[in-house]
Structures are given as structure tokens and as C-alpha cells.
Amino acid sequence: MSINILVLYYSRHGNTQALARQIARGVESIPNCEAMLRTVNDVYTVEEQADSRYQPTDPIATLQELRSCNGLALGSPVWFGNMAGPMKHFWDSTTSLWVNGDLIDKPACVFTSSSSLHGGQETTQQSMMLPLLHHGMLVVGIPYSEPALHNTRTGGTPYGASSTGEAPSLSKEEIELAQNLGKRLARIAENQKGISQ
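A short tour of the structure in this document, coming up. Nothing here was measured: the structure is a model prediction, and the numbers come from that model.

Rules and cut-offs
Residues numbered from 1 in each chain as written. Predicted model: local features only at pLDDT ≥ 70, side-chain atom pairs only at ≥ 80, totals over all residues. Heavy atoms only, no water. Core = buried A, V, L, I, M, F, W, Y, C linked by side-chain atoms within 4.5 Å. Buried < 20%, exposed > 50% of the residue type's maximum accessible area, 1.4 Å probe, protein only. Helix = DSSP H or I, 4+ residues; strand = E, 2+ residues; numbered from the N terminus. Contact = heavy atoms within 4.5 Å. Lys, Arg positive; Asp, Glu negative; His and termini not counted. Salt bridge = Lys/Arg side-chain N within 4 Å of Asp/Glu carboxyl O. Polar contact = N/O pair within 3.5 Å; in protein donor to acceptor, adjacent residues only side chain to side chain. Pairing = 2+ DSSP bridges. Expected span 1.5 Å × (residues − 1). Phe/Tyr/Trp six-rings, centres within 6.5 Å; stacked < 30°, edge-to-face > 60°. Right-handed = clockwise from strand over helix to strand, strands pointing away.

Ile5, Val7, Ile23, Val27, Ala73, Phe111 and Ala161 are the most contacted members of the largest nonpolar core, which totals 29 residues. Elements with a contribution of two residues or more to this core: β1 (3-9), α1 (15-28), β2 (33-39), β4 (107-114), α7 (147-151) and α8 (172-196). Filtering out sequence-adjacent residues up to four positions away, alanine 161 remains in contact with Leu19, Ile23, Val110, Phe111, Thr112, Gln125, Ile142, Ala178 and Leu181. Within the second largest apolar cluster, 23 residues are counted, among which are Leu74, Met83, Met87 and Met129.

Structurally, glutamate 174 is set in helix α8. No salt bridge forms around the buried glutamate 174; measuring N to O, its nearest opposite-charge neighbour arginine 153 is 12 Å away. Of note is the side chain of glutamate 174, whose polar atom sits 3.2 Å from the side chain of threonine 154. Within polar-contact distance, the side chain of glutamate 174 engages the backbone nitrogen of threonine 164 at 3.0 Å. In contact with glutamate 174, other than residues within four places in its own chain, are Leu19, Thr154, Gly155, Ser162, Ser163, Thr164 and Ser169.

So, about the pattern of salt bridges. In total, this model carries 5 salt bridges according to the counting rule given. Arginine 12 is the partner of aspartate 42 in a salt bridge, and the nearest nitrogen-oxygen pair spans 3.0 Å. Of this pair, aspartate 42 sits in the loop between β2 and α2 (46-49) while arginine 12 sits in the loop between β1 and α1, placing them 30 residues apart in sequence. Exposure remark for arginine 12: the relative accessible area of 34% places this residue in the partly exposed category. One salt bridge in this structure joins aspartate 92 and lysine 88, with 2.8 Å as the shortest N-O distance.

This paragraph deals with the pairing of β4. In terms of burial, β4 is largely enclosed, as 8 of its 8 residues are buried. Side chains of β4 alternate between two faces, with Pro107, Cys109, Phe111 and Ser113 and Ala108, Val110, Thr112 and Ser114 buried alike. Relative to β4, strand β3 (residues 71-77) is paired through 6 bridges, and the arrangement is parallel. Counterpart to proline 77 in the pairing with β4 is serine 113. Relative to strand β5 (residues 138-139), β4 runs parallel, the two sharing 2 bridges. Looking across to β5, one finds that alanine 108 is bridged to valine 139. Where β4 and strand β6 (residues 160-164) come together, 5 bridges link them in parallel fashion.

A word on α1. End to end, α1 covers 20 Å across 14 residues, agreeing with the expected 20 Å (1.5 Å per residue, within 8%). By the criterion of burial, α1 is predominantly enclosed, with 11 of the 14 residues buried. Within α1 the residues assigned to the buried category are Asn15, Thr16, Gln17, Ala18, Leu19, Ala20, Gln22, Ile23, Ala24, Gly26 and Val27.

Scanning all chains against the criterion turns up 2 aromatic pairs. Ring geometry for tyrosine 10 versus tryptophan 79: centroids 5.9 Å apart, planes at 85°, classification edge-to-face. Here tyrosine 10, found in the loop between β1 and α1, pairs with tryptophan 79, found in the loop between β3 and α4 (85-91); they are 69 residues apart in sequence, far enough to count as distant. Judged by centre distance (5.9 Å) and plane angle (90°), the rings of phenylalanine 90 and tryptophan 91 are edge-to-face. The same class applies to phenylalanine 90 and to tryptophan 91, which are both buried.

A word on the pairing of β1. Within β1, 7 of the 7 residues are buried, which leaves the element mostly enclosed by the surrounding structure. Residue alternation in β1 divides its side chains into two sets, Ile3, Ile5, Val7 and Tyr9 and Asn4, Leu6 and Leu8, and both sets are buried. Note on the crossover from β1 through α1 to β2: the handedness is right-handed. Relative to β3, β1 runs parallel, the two sharing 5 bridges. For isoleucine 5, the partnering residue across the bridge sits in β3 and is glycine 71.

Written out as C-alpha cells, the structure reads:
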């Protein structure tokens, strides 16, 4: 019985992608759990279209991959205290999954990165939780039983994994919290799949 966790992110400068990879490591440290790293298409203004430098290194996510996953880790950089436009654009395309109830009761978590400690990480994480709650997903965070959550002076919140600073350099605590969030998500997805069978 394989547990498939979709690690879906958007990253312009590398820190959100670095967190995604650490969450995936945490997922895959749990036996029979597999992480699928996916990103979303960028969204450009007319002026940006001719000068796009965004070149994703992971495949673009499909709605079928979202529908069939056992759990979801959702990541975006902070854009003015909110999730990035390309990620919001992706969620705006998920109406068919919402109508069918395809994501109901699946566990999910969120993660983000910003260039400064007080750059809007928690509001961005909360903005990413909103579509997950509307889809009926079970949102999980990082409990204070994680020692690194008490000690971090960079990223990491009870709402989910986070990172601050220059890309793609993560602190020891940021790595630990991201990996442990991935482990927690995978274990919950494993339990959820066992209950539903």
C-alpha cells in the first residue's frame, strides 16, 4: 500500500523550492510513502511575458495528480502577505474537484518563504489554508512538541514550515521543521488511508 503525497509549490528564487525538497525528504523517510514534487505554471503580465526567467525544474501539477494524492503539502513564497498569483490561479481551476468532493478528508499542510522575518509568513500560510478548507481537507500544522519550533530564530511557525533570508539557504531549524512536517503529513495520510479502507 503506497501513500502518495503531492508536494505542490511555486518558487521564483529558490527558498520555497528548497523547503519543498525538505518536506519531500520527510515524507519519504516514512516507509511506503512517496513524495511527488510538482509546481504550477507562472502567470505573467504583458510586459513580463517577453522577459520571463521562470524555468520550473519540476513537472507542472495536473488536477488528476491532485485528485489522486493521499495528502498535500502546499507551498508559496510570500507575495504582499498572500500566496503568489500563480498558485492562486491554480486553485481557481479546481472547481471540478470541489464539486465532486475529491479532496474531502485528505490531510494537507502549508509552507512559505519570505526575505524577512516579519514579511507576512503567517498571513500567507493562512491564505493558502482557505482553499484547502473549502475543499474539505484536514489542515495540519507543526505542534509545539517540536523542539525546533521553540528555538528557531528564522523560519518555522505552528501554521507550517517557513524560511527567511537569501535563497536557497535554509537554517538547521528550518530544515528540521520542514522534514518533520513532511513526516507528520505522511503518517496522517497513512492513517487516513487505513481508516477509509
